[in-house]
Amino acid sequence: MLGLKLPTDPRWVNIVEKNIEEILTDHAYCEQKAASTAISLIIGFPEKSELVKEMTALAREEMGHFNMVHDKILKRGWVLGRERKDEYVIELMKFFPKGGSRQTHLVHKLLYAALIEARSCERFRLLSEEINDEELSEFYRSLMVSEANHYTMFLKFARKYGDKEEVDKKWLQLLEYEAELMKNLGKKETMHG
Ligand SMILES: [Fe+2]
Ligand SMILES: [Fe+2]
């Protein structure tokens, strides 16, 4: 599914279930960061009109998701906490060497975004299937579909703005690297933990 090389251990859901406040808090910031990534692509590559158009829509959609998660937090009588550190994303973004041309930088940014969307989609699917909370199960099923579309959109742009063959090669390498990272994850009640 989604090209991912290593599925999440379903027992991760058992950890999440014990701390719904924590997963919702972390999830809220995942959505906010997805919107921030879309905005940073607009700022960094304003001449790519098609990208700017789609990132504008995406920023709005991701903030819509943020709002939905925030409402779930409020509905349960909690207040949004501080941002949680996302070790997964920090480690993932060490993969491509720094520097290179502007185009290379764009391709790397798009590939990272595609992978984060794909993994998030996989986590949402797992939650929708396994979580013992009907409201959240339905919620994650609906979000899963959006994130799958985001994953394909980012990959499409990477292939459009980079050399297709090179992009496909980098994508496979990134997937392998991510699978290695995942071996040590799936143990915390965060979206990518
Ligand atoms: Fe989202
Ligand atoms: Fe997304």
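Residues numbered from 1 in each chain as written. Chains lettered and ligands numbered in written order. Predicted model: local features only at pLDDT ≥ 70, side-chain atom pairs only at ≥ 80, totals over all residues. Heavy atoms only, no water.

Asks: It is not clear to me how the packing of helix α5 (residues 102-130) against helix α6 (residues 134-161) should be interpreted in this structure. Could you clarify?
Replies: When two helices pack together, their arrangement is given by the angle between the helix axes and by the axis-to-axis distance. Interaxial distance between α5 and α6 falls to 8 Å at its minimum, and their mutual angle equals 160 degrees. When the interaxial angle is binned, α5 and α6 end up roughly antiparallel. With respect to the hand of their crossing, α5 and α6 are arranged in left-handed fashion. Tallied by class, residues from the contact of α5 with α6 come to 20 nonpolar, four polar and four charged. (Axes fitted to C-alpha atoms, helices over the stretch in contact; angles between N-to-C directions. Helix = DSSP H or I, 4+ residues; strand = E, 2+ residues; numbered from the N terminus. Parallel < 35°, antiparallel > 145°, perpendicular 65-115°, else oblique. Left-handed = near helix turned anticlockwise from the far one by under 90°. Nonpolar A, V, L, I, M, F, W, Y, C, P; charged D, E, K, R; others polar.)

Asks: I would appreciate a short explanation of the coordination of the iron ion (ligand 2) in the present structure.
Replies: Put simply, a metal with four donors set out as a tetrahedron has ideal angles of 109.5 degrees, and one with six donors set out as an octahedron has ideal angles of 90 or 180 degrees. Distances from the iron ion (ligand 2) to its protein donors, Glu62 (OE), Glu117 (OE), Glu117 (OE), Glu147 (OE) and His150 (ND1), fall at 2.0 to 2.4 Å. Mapped onto the sequence, the donors of the iron ion (ligand 2) take the spacing E-x54-E-x29-E-x2-H. Between the iron ion (ligand 2) and the iron ion (ligand 1) the interatomic distance comes to 3.5 Å, and Glu62 is a ligand of both metals. You can see Glu117 sitting in helix α5 and its partner His150 sitting in helix α6, a full 33 residues away along the chain. For Glu117, a relative accessible area of 7% gives the class buried. (Donors = N, O, S within 2.8 Å, 3.2 Å for Na, K, Ca; no water. Buried < 20%, exposed > 50% of the residue type's maximum accessible area, 1.4 Å probe, protein only.)

Asks: I would appreciate a short explanation of the coordination of the iron ion (ligand 1) in the present structure.
Replies: Ligation of the iron ion (ligand 1) by protein atoms is provided by Glu31 (OE), Glu62 (OE), His65 (ND1) and Glu147 (OE), these donors lying 2.0 to 2.3 Å from the ion. For the iron ion (ligand 1), the four donor atoms in the first shell make angles of 86 to 139 degrees at the metal, a pattern classed as irregular. (Tetrahedral: all angles 85-135°; square planar, octahedral: opposite > 155°, others 65-115°.)

Asks: Where do I start with the pattern of salt bridges in this structure?
Replies: Any two side chains of opposite charge can pair if their charged atoms end up close together. The final tally for this structure, using the stated rule, is 21 salt bridges. Between Glu135 and Lys72 there is a salt bridge whose closest N-O contact spans 3.1 Å. With a gap of 63 residues between them, Glu135 in helix α6 and Lys72 in helix α3 (residues 49-75) connect regions that are remote in the sequence. A residue is classified by how much of its surface remains accessible, and Glu135, at 26% relative accessible area, is partly exposed. With its nearest N and O atoms 3.1 Å apart, the salt bridge here joins Arg125 to Glu129. One end of the pair, Arg125, and the other, Glu129, are both in helix α5, four residues apart, so they sit about a helical turn from each other. (Salt bridge = Lys/Arg side-chain N within 4 Å of Asp/Glu carboxyl O.)

Asks: Which parts of the structure should I look at to understand the packing of aromatic side chains?
Replies: Geometrically, a pair of aromatic rings is defined through the distance of the ring centres and the angle of the planes. Applying the stated criterion to the full structure yields seven aromatic pairs. Relative to Tyr177, the ring of Phe95 lies with its centre 4.8 Å away and its plane at 35 degrees, an arrangement referred to as tilted. A residue pair is termed long-range when its members are at least 10 positions apart, and Phe95 in the loop between α4 (87-92) and α5 and Tyr177 in helix α7 (residues 164-182) qualify at 82 residues. By relative accessible area, which is 25% here, Phe95 ends up partly exposed. On the basis of relative accessible area, Tyr177 is assigned to the partly exposed category, the value being 22%. Linked through ring pairs, Phe95, Phe96, Tyr112 and Tyr177 together constitute an aromatic cluster. Over the ring of Phe139 we find Lys72, and its NZ or CZ is 4.8 Å from the ring centre. The ring centre of Phe96 lies 5.9 Å from the NZ or CZ of Lys170, which sits over that ring. (Phe/Tyr/Trp six-rings, centres within 6.5 Å; stacked < 30°, edge-to-face > 60°. Lys NZ or Arg CZ within 6 Å of the ring centre and 35° of its normal.)

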